[in-house]
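# Examination of the molecular architecture
Spelled out from the first residue to the last, the chains are:
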Amino acid sequence: MNITGSSVWMRFIGAIVILCLVVCNAIAENTSKEATPEKDLQYRLQNLEMVRRAIAQVSMEIEATQKIMQSEAGIGREQELRNQIMDLGAKQRSLEANFQRLAADVADTEAGKGQKEKSFEWQKEMVRLLGPLIQEINQITERPRQIEDLRAKIELYQAELLQAEKALKNIDRLILNTENSSLRSKLEEQLQDWQGRRDEIRTRLNIADRELDRLLSQQKPISESLRDFFRLFFKSRGRNLISSIFVFLLIWCGLYFLYKPIRKYSPLHTKERSVYIRLFDLTYFLFSGLLAVWGLLAVLYFFHDWVLLSIIVLFLMGMAWASKQAVPYLWLQARMILNIGPVREGEVINYHGVPYEVRSLNFYSLLENNALQGGLLRLPIKDLIAFRSRPKIKDEPWFPNRLGEWVKLKDGTHGRVVNQTPETVMLQKNGGAVVFFKTSDYLSFCPMNLSRGFRLVINLPLGHENFARISGDILRVFETEMPPMLIQLGYEEALRSIQVLFKSARRSSLELEILADFKGLAACNYDTLPGKMAGICMEICKRHHWRPPLHQIRVHLDGPQH
């Protein structure tokens, strides 16, 4: 669900970024052009004269067609003649529009008016909301589309002009080579007709060229366009955007800082955080966010900036649509903030193998382990959803050892803990070598804490010739003579007790078990004490002429004594 939500959010954010770029381009495209460069007046007058003559020619053709329709020659041809008159009328109106546009030398705004008067048929309410944004996008592409249309028309007119010139040459050649007066008269009529077509095509070509030159002349250099863009941006839409963001931050920050005195002086917050207090806090933050968004939209509405308002509304609708799959996930987070979820304040969770106390639950929660350096973790509430907490036990140990204590791991590593954090544990061995562990790996090695005391167990075998004294004198001798010898080695403060027991009688030996308990002061010598104890046992045996069997003394290490 998280991966799907992330991909939906990425696609949605990408669409919003594209829309924002479109709006910025619209601002740059809308930079006004105050004046058009001057053109040759004589050139315009020639074009106007050509259009005027074409209009007059079409008018004459309309009158001639009407006379034919009213005469006997038009009987039975009424529909055909009406169609010709309608075609000639449309042609005359087109020429009149060209004459008006050429004389005024400005862009035709009628097409734009026609577009503005069009009503949208599909999803009227949505289009009414997104109408300004759609118009802005249409306005961005209007000039490139006009330029491409004009270039296509110019190519078409040039091809038609070549065709008309070719037709005139062919007709002129026929007129020169014919002696039939009737045929000559008919060919001259065709010649005049093609001359009118040529003049009309040439006029349209000139108008299209002039319109294309006008559009291309309005393009500015990049530096000037950027300067106009920033000037217009901060004058209109940029001002609206900055003002709306400022109001959003003002409302959000104001309510956020107002929450601190509310929590400090409210009689509800003086007690322990109950479910009702948590519900108030959650509702307060949700209300703060909604009020801040409402302020942002109100500013854009006040400035009548429908484009930015449409983008913000579209963004909010996209957020709502993308969040519909995350509703159960958000509900679980809300339950945890209300302290009625699977993780609760004051209880213990196992985070990455280390126990932590849940200090507080909020949008960012606090976990604490006092036995670790940097043991206070600040985590987003979503990271705790997969965990389960349990009640805390009195005097519960939070870590096997504290900083500076000596430990032994199950792989035989012996050292003093010089650093322990939620991520790493560092041991310093005798001699200065340092070993690093991940905290989770360190715990998997079952560290044995030696700084709180430990016991050494030594198995001492003696020969069968000592059987008569094994349960009496020999045990008392070891218990009496071993402590002073250890004290001479410097373990007076560290030694707790020594106890010597008869363990078993074997085929080849009588086995004693020596239990030596030490305080944590001797933890640093844990790896050398077994050898010293074995040496003391051999010295006592030598002094009293107790012969051990031929096999070696065996030394076993037991766990710590608490």
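Every residue gets a number counted from 1 within its own chain, in the order that chain's sequence is written. Local features in this predicted model are restricted to residues of pLDDT 70 or higher, and side-chain atom pairs are both shown and tallied only at a pLDDT of 80 or more, whereas totals for entire chains, interfaces and linings draw on every residue. The basis for every side-chain value is the complete set of heavy atoms in the structure, and neither hydrogens nor water enter the calculation.

Turning next to the confidence of the model for the protein chain. Confidence of the prediction at every residue is given by pLDDT, a number between 0 and 100. Mean pLDDT over the protein chain stands at 77; residues scoring 70 or higher make up 76%. Contact between two residues is taken to exist if any of their heavy atoms lie within 4.5 Å; hydrogens are not considered. Scored below 50 in pLDDT, residues 109-120 makes one contact in the model with residues more than four places away or belonging to other chains.

For the rest of this paragraph, the subject is the environment of Leu-308. The topology assignment puts Leu-308 in helix 10 (residues 306-322). Sequence separation between Leu-308 and Asn-240 is 68 residues, and the spatial gap between their C-alpha atoms is 8.4 Å. Labels follow the DSSP assignment, with helices taken as runs of H or I lasting at least four residues and strands as runs of E lasting at least two, numbered in each case from the N terminus.

A separate point is the pairing of strand 2 (residues 354-360). Taken across its seven residues, strand 2 has six buried, putting it largely inside the fold. Inspection of the sheet shows strand 1 (residues 348-351) paired to strand 2 by four bridges, in the antiparallel sense. Directly across from Ile-349, in strand 2, lies its bridge partner Tyr-356. Hairpin remark: strand 1 followed by strand 2, antiparallel, with two residues in the connecting loop; positive phi at His-352, about 55°. By the convention used here, strands pair only if DSSP detects at least 2 bridges between them. With three bridges joining them, strand 2 and strand 3 (residues 364-368) adopt antiparallel strand pairing. Residue pairing across strands places Ser-360 opposite Leu-366, the latter belonging to strand 3. Turn length for the strand 2-strand 3 hairpin, with the two strands adjacent in sequence and antiparallel, is three residues. The cut-offs for exposure are 20% and 50% of the maximum accessible area for each residue type, with area from a 1.4 Å probe on protein chains only; residues under the lower value are buried, those over the upper are exposed, and the others partly exposed.

Another aspect to go through is the pairing of strand 7 (residues 424-428). Alignment of strand 6 (residues 414-420) against strand 7, held across four bridges, turns out to be antiparallel. Residue pairing across strands places Arg-416 opposite Gln-428, the latter belonging to strand 7. Following strand 6, the chain reverses through three residues before pairing antiparallel with strand 7. Two strands pair when backbone bridges link them, and strand 7 and strand 8 (residues 434-438) are joined in this way by five bridges, in the antiparallel orientation. Within strand 8, the position partnered with Met-426 by the bridge is Phe-436. Taking the residues between adjacent antiparallel strands as the criterion, strand 7 and strand 8 are bridged by five residues, where Gly-431 takes a positive phi near 105°.

Turning our eyes to something else, we now look at the packing of aromatic side chains. Pairing of aromatic rings covers Phe, Tyr and the six-membered ring of Trp, with a centre-to-centre limit of 6.5 Å; geometry is then stacked below 30 degrees between planes, edge-to-face above 60, and tilted otherwise. Counted by the stated rule, this structure contains 13 aromatic pairs. Ring plane angle 70° and centroid distance 5.5 Å describe the contact between Phe-302 and Phe-303, whose orientation is recorded as edge-to-face. By relative accessible area, which is 27% here, Phe-303 ends up partly exposed. The interplanar angle of 65° and the centroid separation of 5.8 Å between the aromatic rings of Phe-437 and Phe-445 together place this pair among those described as edge-to-face. With relative accessibility at 10%, the residue Phe-437 sits in the buried group. The exposure class assigned to Phe-445 is partly exposed, which follows from its relative accessible area of 25%. The aromatic ring of Trp-194 is capped on one face by Arg-197, whose charged end is 4.4 Å from the ring centroid. Remark: a charge is flagged as sitting over a ring if the NZ atom of Lys or the CZ atom of Arg is within 6 Å of the ring centre and within 35 degrees of the ring normal.

Turning our eyes to something else, we now look at the sheet that holds strand 2. What the four strands build is an open sheet, ordered 1-2-3-4; its pairing is antiparallel. Looking at the sheet topology across the chains shown, the edges are occupied by strand 1 and strand 4 (376-380). Each adjacent strand pair in this sheet contributes to an overall mean axis angle of 40°, direction not counted. Here, axes are lines fitted to C-alpha atoms. For helices the fit covers the stretch in contact, and angles between N-to-C directions go from 0 to 180 degrees.

Our focus in this paragraph is the sheet that holds strand 7. Pairing is antiparallel in the open sheet, where five strands are placed in the order 8-7-6-5-9. Single-partner strands in this sheet number two, and they are strand 8 and strand 9 (448-449). The sheet contact formed by strand 5 (residues 406-408) and strand 9 spans two bridges and is antiparallel. Residue Val-407 lies in a different strand from strand 9, and its bridge partner there is Asn-449.

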